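# Observations on the three-dimensional arrangement
Single-letter residue listing:
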Amino acid sequence: MTRKTPIALTVATLAAAGIALGAGAPAATAVEVPRHAVNICESATMYENYNFSIPGPVTYIRTLGYGDKIGHSPGHPVYNGWASIQDFGPNDWGFIRVECIGGYDSW
C-alpha cells in the first residue's frame with residue numbers, strides 16, 4: 001500500500017469528485033497601463049524612488065524636457081506632490097512633481 005501525503009490525498013479526493021483545480025477561479029487581473037500624458041513643465045527632474053523617512057524623492061535619474069511622453073495613472077497616490085510615472089522613451093519608472101503631468105490622452 002502506498003502512503004499518500006495529505007496534499008496528495010486532497011488532490012486525489014478533489015479529482016475523484018470531478019472538481020478541477022482552478023475551475024471557476026477568477027482570471028488573473030491585468031496590469032494597469034498608465035494613461036498617456038506629457039511633461040508640461042519646462043523641465044522636470046525624475047527620481048528613481050520616494051523615501052518616506054526623508055520624506056522626499058531619492059536617486060536622480062534624469063531631467064525630462066517639456067513635451068516628453070510619459071504615463072501616469074490618475075488616482076494613484078501622490079506623496080508630498082511627487083507622483084509615479086513611466087517614461088515611455090527609455091521605458092522606465094520614476095517620480096516627478098504632479099503639477100508637471102498633463103496632456104492626458106494627447107498622443
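Calculation notes
- Residues numbered from 1 in each chain as written.
- Predicted model: local features only at pLDDT ≥ 70, side-chain atom pairs only at ≥ 80, totals over all residues.
- Heavy atoms only, no water.
- Helix = DSSP H or I, 4+ residues; strand = E, 2+ residues; numbered from the N terminus.
- Buried < 20%, exposed > 50% of the residue type's maximum accessible area, 1.4 Å probe, protein only.
- Pairing = 2+ DSSP bridges.
- Core = buried A, V, L, I, M, F, W, Y, C linked by side-chain atoms within 4.5 Å.
- Contact = heavy atoms within 4.5 Å.

## Examining the overall build of the chain
Within the chain, the secondary structure is distributed over one helix and eight strands. When the helices and strands of the chain are listed from N to C terminus, the series reads α-β-β-β-β-β-β-β-β. In the chain, which comprises 107 residues, the share counted as buried stands at 24%.

## Re the pairing of strand E4 (residues 69-72)
Looking at chain direction, strand E1 (residues 35-39) and E4 are connected through four bridges and run antiparallel. What sits directly across from Arg 35, in E4, is His 72. Relative to strand E6 (residues 82-87), E4 is paired through two bridges, and the arrangement is antiparallel. Following the sheet pairing, Gly 71 is matched in E6 by Gln 86.

## Re the nonpolar core
Membership of the largest hydrophobic core is limited to 11 residues, which are Ala 37, Cys 41, Ala 44, Met 46, Leu 64, Ile 70, Ala 83, Ile 85, Ile 96, Cys 100 and Ile 101. For this core, the secondary-structure elements that each account for two or more residues are strand E2 (43-51) and E6. Leave out the neighbours within four places in its chain, and Cys 41 touches Gly 65, Tyr 66, Glu 99 and Cys 100.

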